[in-house]
Amino acid sequence: MNAKAFTLIELLVVVAIISILATISLPNFQHALIKARVAAAEKEMQTLSTAIEAYALDYNVYPLDGNDYFDKQEAYYDQLRIQSVLTTPTAYISEIPNDLFHEKNMHKEDLVANRNFQFGPPYPYIYSSHGNFMSNSGSPRAYYIFSIGPNYLFDNASEKEDNFVIYDITNGVISGGDILRKGP
């Protein structure tokens, strides 16, 4: 018998140890990946917020969301409108970044049922102004930018803050809620 070769038992023990280590480390890697995507989404929303604030400095009003350009019965968020406002004639931002958590046609039935979002992939971060012309309350005084968050759902149930459920990483990495940035 050759003393330099591994026995079958030794190989099975090594494979078992490697599989145990992989089982332990895979959830940690997934949580680190989600935390990184949340941080990147918050940074992109901050960049978009900076562009909106620069626009507001020039025009003394926040840009309208697409909801303000339709009558109340046909209200849609038109994110292409906010992109055109922030990119031409002055380029406050080159383009509205895409939501890192909203991929492909994930919520097509949700979009059709609610009739709130009229755009297709790639999905940008949602911009919504408040205090708009359609509600006869004057120019927008504030705005929200939000992402659907790591649970990949639009959340608007209990625990509302202006109809948004806020994502909180302390509730678990893949907890409910949208990632929200308010302005000003």
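All figures in this text were calculated on a predicted structure; none of them were measured in a lab.

Cut-off values and rules
Residues numbered from 1 in each chain as written. Predicted model: local features only at pLDDT ≥ 70, side-chain atom pairs only at ≥ 80, totals over all residues. Heavy atoms only, no water. Helix = DSSP H or I, 4+ residues; strand = E, 2+ residues; numbered from the N terminus. Buried < 20%, exposed > 50% of the residue type's maximum accessible area, 1.4 Å probe, protein only. Contact = heavy atoms within 4.5 Å. Pairing = 2+ DSSP bridges. Axes fitted to C-alpha atoms, helices over the stretch in contact; angles between N-to-C directions. Phe/Tyr/Trp six-rings, centres within 6.5 Å; stacked < 30°, edge-to-face > 60°.

A. Geometry of the overall build of the chain. Counting its secondary structure elements, the chain contains three helices and three strands. Sequence-ordered secondary structure for the chain, helices as α and strands as β, is α-α-α-β-β-β. Counting all 184 residues of the chain, 35% fall into the buried class. Counting contacts in the chain only where the partners sit at least 6 residues apart, residues at least 24 apart contribute 61% of the total.

B. Highlighting the sheet that holds strand 1 (residues 126-130). Ordered by their spatial adjacency, three strands build an open sheet running 1-2-3, and the pairing between neighbours is antiparallel. Of all strands in the sheet, those bounded by a partner on one side alone are strand 1 and strand 3 (179-183). Taken over all neighbouring pairs, the strand axes of this sheet differ in orientation by 20 degrees on average, direction set aside. For strand 1 and strand 2 (residues 142-147), the ladder comprises five bridges, and the chain directions are antiparallel. Bridge assignment links Ile 126 to a residue of strand 2, and that residue is Phe 146.

C. Representation of unusual backbone geometry. Residues Thr 88 and Pro 89 are joined by a peptide bond in cis, for which omega reads -5 degrees. With respect to the helices and strands, the residue Pro 89 is situated in the loop between helix 2 (79-87) and helix 3 (108-114). With an omega dihedral of 0 degrees, the bond running from Gly 183 to Pro 184 counts as a cis peptide bond. With respect to the secondary-structure elements, Pro 184 resides in the segment after strand 3.

D. Quick look at the packing of aromatic side chains. The tally for this structure, following the rule as stated, stands at four aromatic pairs. With centroids separated by 5.7 Å and ring planes inclined at 75 degrees, the aromatic side chains of Tyr 55 and Tyr 92 adopt a geometry described as edge-to-face. Taken as a pair, Tyr 55 in helix 1 (residues 8-59) and Tyr 92 in the loop between helix 2 and helix 3 lie far apart in primary sequence, 37 residues in all. Here Tyr 55 and Tyr 92 have matching classes, each one buried. Seen from their ring centres, Tyr 127 and Tyr 143 are 5.9 Å apart, and the 35 degrees between their planes marks the pair as tilted. Here Tyr 127 is found in strand 1, whereas its partner Tyr 143 is found in strand 2, with 16 residues between them in sequence. For Tyr 143, a relative accessible area of 1% corresponds to the buried category.

Remember, this is a structural readout, not a statement about activity or role.
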